[in-house]
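Reading the structure
Next come the chains, spelled out residue by residue.
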Amino acid sequence: MFYYILKYVVLGPVLRLLFRPRIEGLENIPEDGAAIVAGNHLSFSDHFLMPAILKRRITFLAKAEYFTGPGIKGRLTAAFFRSAGQIPVDRSGKDAGRAAIREGLSVLNKGELLGIYPEGTRSHDGRLYKGKVGVAVMALTAQVPVIPCAMVGTFEIQPPGQVVPKIKRVAIRFGEPLDFSRYAGMENQRAAIRAVTDEIMYAILELSGQEYVDEYAARVKAAEQAAAPPRKFPKLRR
């Protein structure tokens, strides 16, 4: 109930008014039945802008940190994400991927829309990174179509680290549904799920026009942080 209040009364109208999103390919979202919407992830704003323009409810797998933040801000953020029907997923540990797949399949088994960012994290520099294979495992296991989605301009309005987004028009593009029925029964075969994932990422790339990096975003970001020179702090006078 609160999801629809946010969407149609509180947050949705404000977002559409401020950012005036140009929407392309909305007809590619099925009116009913289970499907995966797989998109690039450039900004914290992505969590709100895409659901605001969809006619159907969409459930995202959100990182668990959004639900465990400290203080008043943390509690408010957790309450918001829970009210919006988002599912926390712990991305640490070897079983994190299995937990995300299990949660995603529970949404699809109910005939609902599942939103997922195959990169696994926000892009720290605006480029599109290699997709993780969980999206392919879910698509093949549940035998559902995947609709590629590209958020365009959201990195410019709210890059990582920026709390308040700039008021600027953005675009949201949906591609034609991708059918992977030819891979039926191959959700446990590494080559098949890699091929499906790469096809999904290529479709997102065509919609977004981003530069593509054939490495995982988290790994590149960690390497850049490790290579960065240590911050120098001024010496305190005694």
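Presented here is a report on the structure given in the accompanying data block. This one's a predicted model, so the numbers in the text were calculated from it and none came from an experiment.

**Here's the deal with the pairing of strand β3 (residues 58-63)**
- Within β3, 5 of the 6 residues are buried, leaving the element largely enclosed by the surrounding structure.
- When β3 meets strand β5 (residues 113-116), the two strands line up parallel, connected through 3 bridges. Bridge pairing in β5 places F60 opposite G115.
- Strand direction decides the pairing type here: β3 and strand β4 (residues 87-89), joined by 3 bridges, are parallel.

**Brief notes about the nonpolar core**
- Counting residues in hydrophobic clusters, the biggest one holds 32 residues, and the most contacted among them are I36, M138, V146, F180 and I200.
- Element by element, the count of residues in this core is highest for helix α8 (residues 190-208), at 8 residues.
- Among all residues touching F180, those that are not within four sequence positions of it are L140, V146, V196, E199 and I200.
- Within the second largest apolar cluster, 27 residues are counted, among which are A52, I53, I58 and A62.

**Remarks on the pattern of salt bridges**
- As enumerated under the stated definition, the model contains 5 salt bridges in all.
- For the salt bridge of E24 with R173, the shortest nitrogen-to-oxygen distance reads 3.6 Å. Taken together, the positions of E24 in strand β1 (residues 22-24) and R173 in strand β8 (residues 171-174) put the pair 149 residues apart, joining distant regions of the chain.
- We classify R173 as partly exposed; its relative accessible area is 25%.
- Across the salt bridge formed by D198 and R194, the nearest N and O atoms sit 3.0 Å from each other. Placement of the pair is D198 and R194 together in helix α8, with a separation of 4 residues, close to one helical turn.
- A relative accessible area of 35% places D198 in the partly exposed class.

**Looking at the environment of P13**
- Topologically, P13 is positioned in helix α2 (residues 12-19).
- Separated by 40 residues in sequence, P13 and I53 place their C-alpha atoms 9.5 Å apart.
- Excluding residues within four positions of it along the chain, P13 makes contact with K7 and Y8.

**Here we look at the packing of aromatic side chains**
- Inspection of the entire model under this criterion finds 3 aromatic pairs.
- On the numbers, 5.3 Å between centres and 70 degrees between planes, the contact of F44 with F48 is edge-to-face.
- Summarising the aromatic geometry, the rings of F60 and Y117 are spaced 5.3 Å apart at their centres and angled 20 degrees between planes, so their arrangement reads as stacked. Within this pair, whereas F60 is found in strand β3, its partner Y117 is found in the loop between β5 and β6 (128-129), the two being separated by 57 residues in sequence.
- Looking at F60, the relative accessible area reads 1%, which means it is buried.

**Quick word on a nonpolar patch on the surface**
- Judged by side-chain polarity, Y4, I5, Y8, V9 and V10 come together as a nonpolar surface patch covering roughly 450 Å² of accessible area.
- When you line up the elements, Y4 lands in helix α1 (residues 2-10).

**Focus: the environment of E112**
- Considering the arrangement of structural elements, one finds E112 in the loop between α5 (96-108) and β5.
- Owing to a relative accessible area of 29%, E112 belongs among the partly exposed residues under this scheme.
- Among all residues touching E112, those that are not within four sequence positions of it are G33, A34, A35, R56, T59 and V107.

**What to know about the side chain of Q210**
- Topologically, Q210 is positioned in the loop between α8 and β9 (212-213).
- A polar side-chain atom of Q210 sits 2.9 Å from a polar atom in the side chain of N40.
- Engagement of the side chain of Q210 in a polar contact is seen with the backbone oxygen of G126, the distance being 3.0 Å.
- Excluding its chain neighbours within four sequence positions, the residues that come into contact with Q210 are N40, L42, G126, R127, L128 and L205.

Calculation criteria
Residues numbered from 1 in each chain as written. Predicted model: local features only at pLDDT ≥ 70, side-chain atom pairs only at ≥ 80, totals over all residues. Heavy atoms only, no water. Buried < 20%, exposed > 50% of the residue type's maximum accessible area, 1.4 Å probe, protein only. Helix = DSSP H or I, 4+ residues; strand = E, 2+ residues; numbered from the N terminus. Pairing = 2+ DSSP bridges. Core = buried A, V, L, I, M, F, W, Y, C linked by side-chain atoms within 4.5 Å. Contact = heavy atoms within 4.5 Å. Salt bridge = Lys/Arg side-chain N within 4 Å of Asp/Glu carboxyl O. Phe/Tyr/Trp six-rings, centres within 6.5 Å; stacked < 30°, edge-to-face > 60°. Patch = residues over 30% accessible without salt bridge, like charges linked within 9 Å, V, L, I, M, F, W, Y side chains within 5 Å. Areas by Shrake-Rupley, 256 points an atom, 1.4 Å probe, with all protein chains shown as cover. Polar contact = N/O pair within 3.5 Å; in protein donor to acceptor, adjacent residues only side chain to side chain.

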